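# Structural overview
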Amino acid sequence: MTSDRLELLLAIGIVVVYLLDALRFLGHRQALVERLGAERWLLRFGAVRFELAGRRPVLPNPLRPDRASWLAEWRLQDPSTDSRPTPMPPASPAQVPLGWICMALLWIVVVIAPAMLIAGYNLWFASAVATGYLTALAGATLLVLRAKEFELTRGAALGAAVIGVLCLPCAPNLLRASAARRSLSIDLPGFADASGGDSERRSFRRGFTRVLRQELLQGFGNPQQDAELNAMLRRLEGPA
């Protein structure tokens, strides 16, 4: 195998490792909640009709590793009650600098380094890797020192930090890793409708409709549950 082909495979491998590390898997009645900004969030339900060992793969926006995401257990909201939507976890001040670091790592490690490798600029590739390690070390240090602000134990933060430093393509996912141990419990569609963006609400309606239809197709043999699913489908398919 020629050196050019090896360099191409290495460049592709860096990108693939980053994407695989960002990938999450959802179980029954689970969603991924991604914070987009103040009072705005997006729900992702993954590949509704494709499962691996009973779990659906879902990929957060690979171009925005500066956005925290949480696993959420969802339940249908009772339409007869006017319950207050579950609020998003408050944004920690430490998330902002860690998000900047993760964005820098995305560009340095996943974009610039592979591009330099493919172009044959080996010295620039080595410089990008060295810069990436220094940046990853800075992000890992921030995560460990401010672990409480991420609601992590020092040991859990250290574990995520070590992975981010040893596996450089995983480093851009440090912010996502900081939120991976926390899960939410939410009512749908109230929680999604409380997001401040129209595009997020429309996206939610499309995704959630597919999820409910899939549940009906699976058929759990519960007439009451089927009636609730059908009622929610009619509600979602009505005027937005």
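Let me sum up the structure you'll find in this document. (Residues numbered from 1 in each chain as written. Predicted model: local features only at pLDDT ≥ 70, side-chain atom pairs only at ≥ 80, totals over all residues. Heavy atoms only, no water.)

## Quick look at the environment of Gly-159
The condition that has to hold: Only runs of H or I of at least four residues qualify as helices and only runs of E of at least two qualify as strands under DSSP, and these elements are numbered from the N terminus. When accessible area is computed with a 1.4 Å probe and restricted to protein chains, residues below 20% of their type maximum are described as buried, those above 50% as exposed, and intermediate ones as partly exposed.
Inspection of the secondary structure assignment puts Gly-159 in helix H4 (residues 154-166). The class for Gly-159 is partly exposed, based on a relative accessible area of 32%. Distance from Gly-159 to Arg-182, taken between C-alpha atoms, is 15 Å for residues 23 residues apart in sequence.

## Points about the pairing of strand E5 (residues 69-76)
Cut-off, in case you're wondering: What makes two strands pair is DSSP finding at least two bridges between them.
Burial runs high along E5: six of the eight residues are buried. Looking at chain direction, E5 and strand E6 (residues 183-188) are connected through six bridges and run parallel. Bridging across to E6, Leu-76 finds its partner in Leu-188.

## With respect to helix H2 (residues 95-119)
The condition is simple: A helix is expected to span 1.5 Å for every residue after the first. Fitting axes to the seven residues ending at a residue and to the seven starting there, one defines the bend at that residue as the angle between these axes.
For H2, with 25 residues, the first-to-last C-alpha span of 34 Å sits near the 36 Å given by 1.5 Å per residue. If you look at H2, its biggest bend is around 35 degrees, right at Ile-112, and the proline Pro-114 turns up within four residues after that. Remark: Gly-120 follows H2 within two positions and exhibits a positive phi of approximately 85 degrees.

## As for the nonpolar core
What counts, and what does not: We call a set of buried Ala, Val, Leu, Ile, Met, Phe, Trp, Tyr and Cys residues a nonpolar core when their side-chain atoms join them within 4.5 Å. When checking whether two residues touch, look at their non-hydrogen atoms; a contact exists if any pair is within 4.5 Å.
Core analysis: the largest hydrophobic core is formed by 58 residues, its most contacted members being Leu-43, Phe-45, Trp-74, Leu-188 and Phe-208. At 10 residues, the largest contribution of residues to this core is made by H2. Beyond its immediate sequence surroundings of up to four residues, Leu-43 is in contact with Ala-31, Leu-32, Val-33, Ile-186, Leu-188, Phe-191, Ala-192 and Phe-204.

## Brief notes about the packing of aromatic side chains
To keep things clear, this is the line we draw: Planes of paired rings set the category: under 30 degrees apart is stacked, over 60 is edge-to-face and the rest tilted, where pairs are Phe, Tyr or Trp rings (Trp by its six-membered ring) whose centres lie within 6.5 Å.
Throughout the structure, instances matching the rule amount to five aromatic pairs. Where Phe-45 meets Phe-204, the ring centres are 6.2 Å apart and the plane angle is 40 degrees; that geometry is what we call tilted. With Phe-45 in the loop between strand E3 (40-44) and strand E4 (56-58) and Phe-204 in helix H7 (residues 198-218), this pair connects stretches of sequence that are 159 residues apart. Neither residue differs from the other here; Phe-45 and Phe-204 are each classed as buried. Taken together through their ring pairs, the aromatic side chains of Phe-45, Trp-74, Phe-204 and Phe-208 make up a single cluster.

## Structural notes on the side chain of Arg-67
Within the fold, Arg-67 resides in the loop between E4 and E5. Ignoring anything within four residues of it in the chain, the contact list for Arg-67 reads Glu-34, Arg-35, Leu-36, Asn-61, Leu-175 and Arg-176.

## Concerning the sheet that holds E5
To keep it simple, the criterion reads: Where helices are involved, their axes are fitted lines through C-alpha atoms of the stretch in contact, as for all axes, and angles between N-to-C directions lie from 0 to 180°.
Read from one edge to the other, the open sheet built from four strands follows the order E3-E2-E5-E6, with strand pairing classed as mixed. A single partner strand is all that each edge strand has here, and the edge strands are E3 and E6. Ignoring strand direction, the axes of neighbouring strands in this sheet form an average angle of 40 degrees. Of the pairings in the sheet, the one linking strand E2 (residues 30-37) to E3 comprises five bridges and is antiparallel in character. Bridged to Arg-35 within E3 is Trp-41.

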